[in-house]
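Letter by letter, the chains look like this.
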Amino acid sequence: MKIKFMGAARTVTGSCYILETNGHRFAVDCGMHQGNAEIEKRNWDVDIYEPGKIDFFLITHAHIDHSGLLPRMVQKGFNGQIYTTVPTRDLLEILLLDSAHIQEMEAQWKTKKHLRSGEKNIKPLYTQKDAEATFPMFKVISYDETFEPSPGVKVKFKDAGHILGASLIELWIEENEVTVKLVFSGDIGRPAQLMMEEPSIVDAADFLFLESTYGNRDHKNEDDSLNELAEAIAYSYGNKEKVIIPAFAVERTQEMMYCLYLLSKDGRLPPDMPVYLDSPLAIKATEIFRHHTKYLDEETRELIKKGEDPLYLPQLHFTPTTEESIAINNVPGPAIVISASGMADAGRIKHHLKHNIWREGASVVFVGFQAQGTTGRKIVDGAKKVRLFNEEIAVKARVFTINGFSAHAGQSQILEWLSHFQTRDMQVFLIHGEYSAQQLLAGLIKERFGFKVLIPGYLEETTLEPGRVLKREEYPERAAPRIDWNYILEDISARYARLKERRSYLESKPWVEQTEIRDRLLELDRVLMEINSEI
Ligand SMILES: [Zn+2]
Ligand SMILES: [Zn+2]
């Protein structure tokens with residue numbers, strides 16, 4: 001049996017693992033690659049997945065980094081079944097359409113830019129039509145039910161306690177009359193998370209594919225996180241400014257609403273401070289949460305039974321239309337705005353940041369993981385300025401980074417979950433994490449449990465047999481194409497030399513033009529200084 005790591009290998013996005021066994025070929029997850037332009041190129045280059053030769057997909061949960069390439073696979077010839085839970089399917093029907101819409105808008109925008117420079121139309125990664133073509137392929141299954149999608153492959157989904165309908169997957173593969181058990185952790189939930197059950201316990205596997213997003217740290221405790229949120233609210237309410245919360249539309253937004261409900265019960269949310277849920281997608285996702293209460297944890301179900309509604313506040317406003325969204329920034333005074341995307345890279349949140357991040361007294365509250373290269377990560381890392389809609393904007397608002405709300409298990413919670421495994425000779429593969437976090441976690445796992453641990457690279461292919469890993473093939477040229485630094489640096493030097501040669505022309509230009517050129521050069525100088533201080 002062979003496994004190929006198509007993404008989330010030493011990174012957190014693009015989860016997809018292709019398995020080949022007994023002449024069958026199938027995959028666990030089909031995530032979109034997110035990050036800088038170089039990483040996102042991988043979404044276009046899907047021929048290496050050979051979509052037409054994938055028999056079926058098993059999808060752990062609805063997050064786009066685990067499912068967002070499904071329409072692309074369908075467009076490129078995938079024609080099998082997609083197994084997942086009912087809430088995951090329902091969430092994916094809105095999330096994939098939304099993702100397709102974003103792709104279409106982006107292509108439109110790029111086309112406009114390209115046409116101006118005389119180039120041709122840009123096609124979107126996939127369209128809403130491609131997304132719709134994906135829906136009939138879903139085949140829903142229940143938690144804890146074993147099924148056999150192809151002969152010799154048995155599968156069971158279990159509650160991962162991560163987001164609504166999220167699963168971890170147990171797989172039993174029979175090859176040459178020997179059965180090997182694989183476990184894919186999916187994303188493991190944080191045990192004390194609001195609304196979600198605890199992650200299911202698994203006690204045996206030959207090969208475990210374990211997420212490691214928070215392999216290097218623990219979350220703060222839940223009460224501290226709620227207090228920090230209350231602090232942000234009190235701070236901006238006192239300053240008559242806004243609290244901006246970038247949040248993923250699914251799960252995090254609903255959890256934030258639940259938190260505001262708790263603060264409101266506690267008298268810590270001023271009743272005259274409006275709360276805007278400014279994301280059409282989050283509004284739809286909230287409906288799906290209401291529809292699938294049976295998948296929520298017992299505490300929440302009890303609350304609902306008593307007639308309480310933890311996803312409702314008297315001062316809550318839904319703003320599905322663009323006009324309503326724009327209007328929020330014309331209303332003076334304090335308010336809380338929850339909007340997407342969670343990493344502040346797309347969507348309406350960028351407008352809210354543009355209007356508020358330069359205002360002293362405002363707050364920006366990050367409640368989710370911020371991947372490398374995103375606007376959110378830059379702000380969290382303390383950037384003094386950020387670029388939004390091609391404009392440099394000063395960061396004057398107070399920035400809160402509240403880690404306690406994560407939907408992922410923290411380091412000690414991952415280790416706790418791992419402690420239930422009884423198979424001593426289990427081979428662990430760390431996936432879905434940044435390399436430094438994975439190395440740290442690998443050390444702890446070896447030390448504490450004695451399990452063998454590997455950290456596969458992007459596109460690595462590994463042959464598995466009971467009790468051992470047979471061969472690891474890496475493709476470093478393809479996984480990380482060499483960057484020609486010599487060429488780039490020489491080119492910059494040559495241009496700079498040319499500019500110096502032409503200084504007298506520069507000085508002969510009208511004064512206003514000279515000041516403009518000066519400002520552009522100062523900007524360049526600042527960028528070079530930044531790069532030098534970062535490396
Ligand atoms: Zn997830
Ligand atoms: Zn994930």
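Residues numbered from 1 in each chain as written. Chains lettered and ligands numbered in written order. Predicted model: local features only at pLDDT ≥ 70, side-chain atom pairs only at ≥ 80, totals over all residues. Heavy atoms only, no water.

Trainee: What's the story with the overall build of the protein in this structure? I'm lost.
Mentor: A tally of regular secondary structure across the protein gives 18 helices and 23 strands. Expected size for 535 residues packed as a compact globule is a radius of gyration near 24 Å; at 25 Å, the protein falls within 12% of this value. Burial status across the protein gives 52% buried among its 535 residues. Taking the contacts inside the protein whose residues are at least 6 apart along the sequence as the reference set, 74% of them involve residues at least 24 apart. Summed over its atoms, the accessible surface of the protein is roughly 25300 Å², and 51% of this surface lies on carbon and sulfur atoms. Distance between charge centroids for the protein: 6 Å, based on 65 positive and 79 negative side chains. (Helix = DSSP H or I, 4+ residues; strand = E, 2+ residues; numbered from the N terminus. Rg over C-alpha atoms; globule rule 2.2 N^0.38 Å. Buried < 20%, exposed > 50% of the residue type's maximum accessible area, 1.4 Å probe, protein only. Contact = heavy atoms within 4.5 Å. Areas by Shrake-Rupley, 256 points an atom, 1.4 Å probe, with all protein chains shown as cover. Lys, Arg positive; Asp, Glu negative; His and termini not counted. Charge placed at Lys NZ, Arg CZ, Asp CG, Glu CD.)

Trainee: I keep staring at unusual backbone geometry and nothing clicks. Help me out?
Mentor: Residues apart from glycine generally show negative phi values, whereas peptide bonds are mostly found in trans. The peptide bond linking A340 to S341 adopts the cis configuration, its omega dihedral lying at 5°. Looking at the element boundaries, S341 is found in the loop between strand 15 (335–339) and helix 11 (349–356). At D29, a position not held by glycine, the phi torsion is positive, near 70°. As for its position among the elements, D29 is in the loop between strand 3 (24–28) and helix 1 (37–40).

Trainee: Is there a simple way to explain the coordination of the zinc ion (ligand 1) in this structure?
Mentor: Ideal values differ by geometry: the angle at a metal is 109.5 degrees with four tetrahedral donors, but 90 or 180 degrees with six octahedral donors. All of the protein donors around the zinc ion (ligand 1) are H61 (NE2), H63 (ND1), H162 (NE2) and D187 (OD); their distances to the metal are 2.2 to 2.3 Å. For the zinc ion (ligand 1), the four donor atoms are set out with angles of 93 to 162° between them, so the coordination reads as irregular. (Donors = N, O, S within 2.8 Å, 3.2 Å for Na, K, Ca; no water. Tetrahedral: all angles 85-135°; square planar, octahedral: opposite > 155°, others 65-115°.)

Trainee: Teacher, can you tell me more about the coordination of the zinc ion (ligand 2) here?
Mentor: Looking at the zinc ion (ligand 2), one finds its protein donor set to be D65 (OD), H66 (NE2), D187 (OD) and H432 (NE2), positioned 2.1 to 2.6 Å from the metal centre. Seen from the zinc ion (ligand 2), its four donor atoms lie at angles of 88 to 157°, and the figure they make is irregular. In terms of primary sequence, the donors binding the zinc ion (ligand 2) are separated according to D-H-x120-D-x244-H. A separation of 3.4 Å is found between the zinc ion (ligand 2) and the zinc ion (ligand 1), which share D187 as a coordinating residue. Its relative accessible area of 14% is what places D65 among the buried residues.

Trainee: Is there a simple way to explain the sheet that holds strand 13 (residues 275–278) in this structure?
Mentor: Either a parallel or an antiparallel arrangement is found when strands of a sheet pair, and the pairing is made through backbone hydrogen bonds. If you trace the six strands from one edge of the open sheet to the other, you get 14-13-15-12-16-19, paired in parallel fashion. The strands lining the two open edges of the sheet, one partner per strand, are strand 14 (316–318) and strand 19 (398–401). When the angles between neighbouring strand axes are averaged without regard to direction, this sheet yields 20°. Pairing of strand 13 with strand 15, which is carried by four bridges, proceeds in the parallel orientation. Of the residues in strand 15, the one forming a bridge with Y276 is V337. (Pairing = 2+ DSSP bridges. Axes fitted to C-alpha atoms, helices over the stretch in contact; angles between N-to-C directions.)

Trainee: Help me understand a nonpolar patch on the surface, please; the structure alone is not making it clear to me.
Mentor: Together, Y496, L499, L521, L524, V527, L528, I531 and I535 make up an exposed nonpolar region whose accessible area comes to about 750 Å². Mapped onto the nonpolar patch, the elements with two or more residues apiece are helix 16 (485–501) and helix 18 (511–534). Counting residues per element, the nonpolar patch draws most heavily on helix 18, at five residues. Note on L528: relative accessible area 40%, which makes it partly exposed. (Patch = residues over 30% accessible without salt bridge, like charges linked within 9 Å, V, L, I, M, F, W, Y side chains within 5 Å. Salt bridge = Lys/Arg side-chain N within 4 Å of Asp/Glu carboxyl O.)

Trainee: Got a minute to help me understand the sheet that holds strand 6 (residues 138–140) in this structure?
Mentor: Read across the sheet, eight strands follow the order 6-5-4-3-2-1-22-23 without closing on themselves; strand pairing throughout is mixed. Every interior strand has two partners, whereas the edge strands, strand 6 and strand 23 (468–473), have only one. Each strand axis lies, on average, 25° off the axis of its neighbour in the sheet, ignoring direction. Here three bridges tie strand 4 (residues 56–58) to strand 5 (residues 81–84), and the two strands are oriented parallel to one another. Within strand 5, the position partnered with F57 by the bridge is I82. Across the sheet, helix 4 (residues 86–116) touches strand 5 and strand 6, and the angle it forms with strand 6 is around 155°.

Shape is all these values report; function is a separate question.
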